[in-house]
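# Structure assessment
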Amino acid sequence: MIPPVMFDLFKAKLVTARQARLWPYCAVLVCFAAVFLRFPGEWDSDTVNQNSQMVFGNYRDWHPPLFAAFWSLLNTGWNAVTGMDYTGSGVLYVAHAVMLWAGLALLIRAGSSFFLKFVEKEQWKLLAVLAALIFFGLFEMVPVTRFAFKDTAMMASYILALGIMLNMPRGGFSRWAAGLGCLLLLFYGTGVRHNAIFALLPLLALFVNTLRPAMRLRLLVPLVFLIWAGMLAGINLLTYDVLKAKKEYSLQEIIFTDYWRINYATDTYDPPPVPGGKPWGALTEDVFFKFYNKKPIYIGSSFQFVHAYYGSEEAVPLRYDFSANPEDFKLLQKAWLSKVKNNLGVYISFHKEIFVTLLREYSFMGLSGAVFFVFGILISIAGAVRLLKRASVNPTPYLIAFSGLLYVLPYIVAVPAIQRRYLFWFFFATFLSVVWLAILFASKYRVIRDRSDTAYSNNN
C-alpha cells in the first residue's frame with residue numbers, strides 16, 4: 001500500500017512556473033552536449049567522396065553537390081578567420097548540430113503554453129515530460145546528429161525552418177528576415193537530398209500559411225507550386241551552372257538493380273545496355289545465376305560474390321560513364337521501361353517487399369516504421385477531409401505529416417539500399433505531427449472538462 005504522503009509528494013509544486021518554462025531547454029542543452037561525444041562526425045564512403053569534391057572543388061552530381069559546396073563554404077570561412085588549413089568535417093558538424101538543436105528548442109518554445117498548463121497543478125508531470133525529452137534527444141536525435149551525412153544536413157535545415165515558422169515574428173523587418181531564413185533553409189535541405197523535392201511542398205504550404213494565414217486556397221496552391229518550381233530551378237542552376245557539377249546519371253544504380261533483379265526472378269539473362277554497346281564486363285550467364293545475391297538491395301552487395309569469383313571489381317563494373325553520349329542513357333531508360341512493362345508483376349512484387357522491409361527494419365521511439373507509415377497516411381487523409389469540409393483547423397500537424405509521407409513514398413520505386421538514415425525526416429515529421437495532434441486534442445478535452453466542471457459548480 002502506497003503511503004498517502006507519496007501522493008502529496010507527486011502533487012507537490014517542485015518548481016515555479018517560470019522555472020518550469022526553462023527546464024525543457026535544459027534537457028535540450030544536455031542532449032546537445034552529448035552530440036559532441038561523436039565530434040567531428042562519423043564518415044562513410046559517401047562522405048569521403050563529397051569531402052574530396054569539397055577539397056578540390058571538382059563537383060559531381062552522384063551525390064547532391066550542394067552538401068559539398070556548403071561544407072566548402074564553412075571550411076573556407078573558418079580557415080580565413082583562424083588562418084588554419086582545415087579540411088575535416090568539424091565545422092560542418094557543429095553547424096548542423098547547432099541548426100538541429102536550435103530548431104528543436106524553437107519547437108519546444110512553440111508548445112510551451114500547453115506544457116505549462118500541463119504541469120501547473122501536478123508537477124510530477126514535469127519530470128515525466130523531461131524524461132521523455134531526454135530519452136527522445138539522447139536515443140533518437142543524437143544518433144541523427146553524429147553523422148557527417150547529407151541526411152543530417154537535410155534534417156537540421158528542415159527542423160530549424162519549422163522552428164522559425166512556428167515562432168514567426170509578428171511583423172516588421174524581423175518577420176521578413178525570418179521568412180527569408182526559412183526559404184534558405186528549405187532550399188538547402190531540399191538541395192542535399194534527391195527525394196526531398198516532394199517533402200518540400202507541404203512545408204512551403206505551411207510557410208505561406210504562416211505569413212498569410214487568411215490566403216484563399218485557390219491562391220495558396222498555385223503560389224506554393226510556383227515557389228516550389230522556382231526553388232527546384234534554383235537548385236538545378238546552382239548545381240550545374242554555378243558549381244559546374246559533372247552529370248553522372250546516378251539513376252543508373254536504381255535501373256541496373258531493377259534490371260538484374262528482374263533477370264534473376266524470371267530466369268532470364270538479358271544484360272542492360274551500357275555506353276558504346278559493350279557487354280556487361282566479363283559477366284557470363286552461368287556466373288550470374290550462380291553468384292548473384294538477391295537478398296541485399298544495394299547492387300554492390302548483390303554482386304559481391306560475382307566480384308569475388310573474378311577476383312576484381314573492375315571485371316564487372318556496376319557504374320558507367322554516360323557523360324560522353326547522353327543518348328546512351330536514354331537507351332538504357334527505354335530498355336528499363338520495356339523490362340518493367342513486360343515484367344510488371346515481378347517489379348511490383350519486389351519493390352513492395354523492399355519498401356516493407358525498409359519500414360519494418362527500423363523503429364523510432366519504440367515503434368516500427370510501418371506504424372509510422374500508417375500514422376502518416378491516416379493523419380494526411382484526416383487533414384484532406386477536414387480541408388474538403390472547409391472545417392476550421394490548424395493545418396500545421398497535417399502538413400508536417402504529409403511532408404514526411406511524401407518523403408518516404410518515393411522509396412516504393414527508388415531505394416538503393418536499406419539504411420536507417422533514409423527514414424530520418426519521415427520518422428521525425430510523423431512523430432511531431434502525432435505529438436502536435438495529441439496536444440490539440442488534450443487542450444480541447446481540457447476546455448470541455450473545465451466548462452463541464454464550471455457548469456456543475458454553478459448548478460450546485
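## Focus: the overall build of the chain
Helix and strand counts for the chain stand at 20 helices and two strands. For the C-alpha atoms alone, the extent of the chain along its principal axes is close to 90 × 55 × 55 Å. Expressed as a percentage of its 460 residues, the buried residues of the chain come to 45%. Restricting the contact set of the chain to residue pairs at least 6 apart, pairs at least 24 apart contribute 73%.

## Things to note about helix α3 (residues 45-56)
For α3, with twelve residues, the first-to-last C-alpha span of 17 Å sits near the 16 Å given by 1.5 Å per residue. The set of residues buried in α3 consists of D46, T47, Q50, N51, Q53 and M54. The arc enclosing the buried residues of α3, seen along the axis, measures out at 160 degrees, which places them on a common side. In α3, the exposed positions angled more than 90 degrees off the buried face are occupied by S45 and F56. Buried positions along α3 lie against α4 (65-82) and α8 (150-165). Its side-chain oxygen at 3.0 Å from the backbone nitrogen of D46, D44 defines the N-terminal cap of α3.

## Points about the side chain of Q53
Tracing the backbone through its elements, the reader meets Q53 in helix α3. Dropping the residues within four chain positions of it, Q53 is found in contact with N58, Y59, R60 and A68.

## Re the packing of aromatic side chains
Scanning all chains against the criterion turns up 45 aromatic pairs. Ring plane angle 45 degrees and centroid distance 5.2 Å describe the contact between Y264 and Y292, whose orientation is recorded as tilted. One end of the pair, Y264, is in helix α12 (residues 251-265); the other, Y292, is in the loop between α13 (285-291) and α14 (299-302), with 28 residues separating them in the sequence. Relative accessible area serves as the criterion here: at 6%, Y292 is assigned to the buried category. An aromatic cluster is defined as three or more aromatic residues linked by ring pairs; in this entry it consists of F136, Y158, F364, F372, F375, W425, F426, F427, F428 and F431. Against the face of F350 rests R261, its NZ or CZ located 5.2 Å from the ring centre. The lysine or arginine in question, R421, covers the ring of F149, its NZ or CZ lying 4.9 Å from the ring centre.

## Concerning the pattern of salt bridges
The full count for this structure, using the stated rule, is ten salt bridges. In this structure, E42 engages R38 in a salt bridge whose closest nitrogen and oxygen atoms are separated by 2.7 Å. On the basis of relative accessible area, E42 is assigned to the partly exposed category, the value being 24%. What makes R38 partly exposed here is its relative accessible area of 42%. A salt bridge links R146 to E42; the shortest N-O distance between them is 3.1 Å.

## Structural notes on the packing of α4 against helix α5 (residues 90-110)
Helix-helix packing is described using two parameters, namely the angle between the two axes and the distance between the axes. One can describe the packing of α4 onto α5 by two numbers: an axis separation of 9 Å at closest approach and a directional angle of 110 degrees. In terms of orientation, α4 and α5 fall into the roughly perpendicular class. Taken together, the residues of α5 that come into contact with α4 (itself represented by F67, F70, W71, L74, N75 and W78) are V91, L92, A95 and H96.

## Considering the side chain of H63
Turning to its location among the elements, H63 is positioned in the loop between α3 and α4. A polar side-chain atom of H63 sits 3.4 Å from a polar atom in the side chain of D46. Side-chain polar atoms of H63 contact the side chain of K150, separated by 2.9 Å. Dropping the residues within four chain positions of it, H63 is found in contact with D46, N49, Q50 and K150.

## Comments concerning the nonpolar core
Of all hydrophobic cores here, the largest spans 118 residues; its most connected members are W101, W280, F303, W425 and F428. For F428, the contacting residues outside a window of four places in its chain are L104, L107, F136, M141, M155 and I159. Membership of the second largest hydrophobic core comes to seven residues, among which are A27, F115, V119 and L126.

## What to know about the packing of helix α10 (residues 196-211) against helix α11 (residues 217-242)
Axis separation between α10 and α11 bottoms out at 9 Å; the angle between their running directions is 130 degrees. Our classification of the angle between α10 and α11 gives oblique. As α10 packs across α11, the resulting crossing turns out to be right-handed. Here I197, F198, L200, L201, L204, A205, V208 and N209 of α10 come into contact with α11, specifically with L220, L223, V224, F225, I227, W228, M231 and L232. When its residues are assigned to classes, the contact of α10 with α11 shows 15 nonpolar, one polar and no charged.

## Quick look at helix α17 (residues 344-361)
Along an α-helix, residues three or four apart share an orientation, since each turn contains 3.6 residues. Over its 18 residues, α17 runs 25 Å from end to end, which matches the ideal 26 Å to within 8%, given 1.5 Å per residue. Three or more residues of α17 are buried, namely Y347, F350, H351, I354, F355, L358 and L359.

## A closer look at a nonpolar patch on the surface
On the surface, a cluster of nonpolar side chains totalling about 300 Å² of accessible area is made up of F36, F39, V94 and V98. Examined against the element boundaries, F36 turns out to sit in the loop between α2 (17-35) and α3. Exposure remark for F36: the relative accessible area of 31% places this residue in the partly exposed category.

## A look at the environment of V434
Within the secondary structure, V434 sits in helix α20 (residues 424-459). Spatially, the C-alpha atoms of V434 and A68 are 34 Å apart, while their sequence positions differ by 366 residues. If sequence neighbours within four positions are ignored, V434 has contacts with F375 and I379.

## Focus on unusual backbone geometry
Working note: non-glycine residues mostly have negative phi, and peptide bonds are mostly trans. Between F39 and the following residue, P40, the backbone shows a cis peptide bond with an omega angle of 5 degrees. Along the chain, P40 turns up in the loop between α2 and α3. One non-glycine residue with positive phi stands out, namely D267, at about 55 degrees. By secondary structure assignment, the location of D267 is in the loop between α12 and α13. For D267, a relative accessible area of 61% translates into the label exposed.

Thresholds applied
Residues numbered from 1 in each chain as written. Predicted model: local features only at pLDDT ≥ 70, side-chain atom pairs only at ≥ 80, totals over all residues. Heavy atoms only, no water. Helix = DSSP H or I, 4+ residues; strand = E, 2+ residues; numbered from the N terminus. Buried < 20%, exposed > 50% of the residue type's maximum accessible area, 1.4 Å probe, protein only. Contact = heavy atoms within 4.5 Å. Expected span 1.5 Å × (residues − 1). Arc of directions from axis to C-beta. Polar contact = N/O pair within 3.5 Å; in protein donor to acceptor, adjacent residues only side chain to side chain. Phe/Tyr/Trp six-rings, centres within 6.5 Å; stacked < 30°, edge-to-face > 60°. Lys NZ or Arg CZ within 6 Å of the ring centre and 35° of its normal. Salt bridge = Lys/Arg side-chain N within 4 Å of Asp/Glu carboxyl O. Axes fitted to C-alpha atoms, helices over the stretch in contact; angles between N-to-C directions. Parallel < 35°, antiparallel > 145°, perpendicular 65-115°, else oblique. Core = buried A, V, L, I, M, F, W, Y, C linked by side-chain atoms within 4.5 Å. Left-handed = near helix turned anticlockwise from the far one by under 90°. Nonpolar A, V, L, I, M, F, W, Y, C, P; charged D, E, K, R; others polar. Patch = residues over 30% accessible without salt bridge, like charges linked within 9 Å, V, L, I, M, F, W, Y side chains within 5 Å. Areas by Shrake-Rupley, 256 points an atom, 1.4 Å probe, with all protein chains shown as cover.

On their own, these measurements won't tell you what the molecule is for.
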